Amino acid sequence: MTGAVPPSQGPAIVVLDVIDSTNAEARRRAEAGEAGPVWLLGLRQTAGRGRRGRAWETGEGNLAATLLFCTDKPPAEAAQVSFVAALAVADLLGAYVPASLVSLKWPNDPLLGGLKVSGILVESGARPAGGLWVAVGVGVNLARKPIDSERPATALPTYRVAPPPKPIEAIEVLAAAFARWNDVWLRLGFPAIADAWTARAHGLGEPCLARLGQETVEGVAEGLDADGALRLRLADGRVRRITAGDVFFGGAS
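Residues numbered from 1 in each chain as written. Predicted model: local features only at pLDDT ≥ 70, side-chain atom pairs only at ≥ 80, totals over all residues. Heavy atoms only, no water.

How should the packing of helix H3 (residues 81-94) against helix H5 (residues 190-199) be read in this particular structure?
Relative to each other, H3 and H5 sit at 40°, their axes nearing to 10 Å. With respect to their mutual orientation, H3 and H5 come out oblique. Handedness of the crossing formed by H3 with H5: left-handed. Across the interface between the two elements, Phe-83, Val-84, Ala-86 and Leu-87 from H3 touch Phe-190, Ile-193, Ala-196 and Trp-197 from H5. In the contact of H3 with H5, the residues fall into eight nonpolar, no polar and no charged. (Axes fitted to C-alpha atoms, helices over the stretch in contact; angles between N-to-C directions. Helix = DSSP H or I, 4+ residues; strand = E, 2+ residues; numbered from the N terminus. Parallel < 35°, antiparallel > 145°, perpendicular 65-115°, else oblique. Left-handed = near helix turned anticlockwise from the far one by under 90°. Contact = heavy atoms within 4.5 Å. Nonpolar A, V, L, I, M, F, W, Y, C, P; charged D, E, K, R; others polar.)

Below is the structure:
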């Protein structure tokens, strides 16, 4: 069963009772010619994915949603939307728990109490008429953390007594927050997004280990470059730009 929720503002929200992956559904729709913008909310997701092809367990009561839209931005610039999405998730979390508990770890991991509570996966492809379709997938542990997680994770109920929001409520909050930050991005450019992200950043000024495929780099995380790359100050004083990979703080690996 599929339904539609009339949004208070912004793109329509399509509710899917069961779906393999909201990102996969966004891709299918984009390749069939749909331009969006539209939010796809999966109440049950059977084959969720995270970065680097990892499985993402959604779990009953958790949020699994993808925004499909089109853009004329070049791919590298369009990818900055992951920081927009991270800020939107931070606002979503801040609507239900103290904002002081929420932080963002590079490149796109919203944290709650220092533990992973959300995942963001951005995918894109070329459109025959020109430009890109972009799918911004967001998963949030509203009701419970994953049963089997490769890294420490948490969920909203750990930090609040009241029942967690239902996905249908949370998607409204997320969509509104995304619209606000997307407007900032379009009007003021990425520097404004980078500043807002940095204000919520986890681990800046701390020792950091970056795993980059076959290479591991250690240094101190200094902040974002103009394109969203992480600046890592190495022991010899050089700065290494990290454009892709996994980063760890506090000795975690």
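From this point, the narrative continues.
Is there a simple way to think about the packing of aromatic side chains in this case?
Aromatic ring pairs: the centre-centre distance and the angle between the two ring planes describe each pair. A full pass over the atoms with the stated rule returns three aromatic pairs. Taking the centre distance of 5.9 Å and the plane angle of 90° together, the rings of Trp-39 and Phe-178 count as edge-to-face. Here Trp-39 is found in strand E3 (residues 38-42), whereas its partner Phe-178 is found in helix H4 (residues 167-188), with 139 residues between them in sequence. On the accessibility criterion, Phe-178 (5% relative accessible area) is buried. Seen from their ring centres, Phe-83 and Phe-190 are 5.4 Å apart, and the 70° between their planes marks the pair as edge-to-face. A residue pair is termed long-range when its members are at least 10 positions apart, and Phe-83 in helix H3 and Phe-190 in helix H5 qualify at 107 residues. Since its relative accessible area comes to 5%, Phe-190 is described here as buried. Taken together through their ring pairs, the aromatic side chains of Phe-83, Phe-190 and Trp-197 make up a single cluster. It is Lys-73 that lies over the ring of Trp-185; its NZ or CZ is 4.7 Å from the centre. The cationic tip of Lys-105 hangs over the ring face of Phe-248; the distance from NZ or CZ to the ring centre is 5.9 Å. (Phe/Tyr/Trp six-rings, centres within 6.5 Å; stacked < 30°, edge-to-face > 60°. Buried < 20%, exposed > 50% of the residue type's maximum accessible area, 1.4 Å probe, protein only. Lys NZ or Arg CZ within 6 Å of the ring centre and 35° of its normal.)

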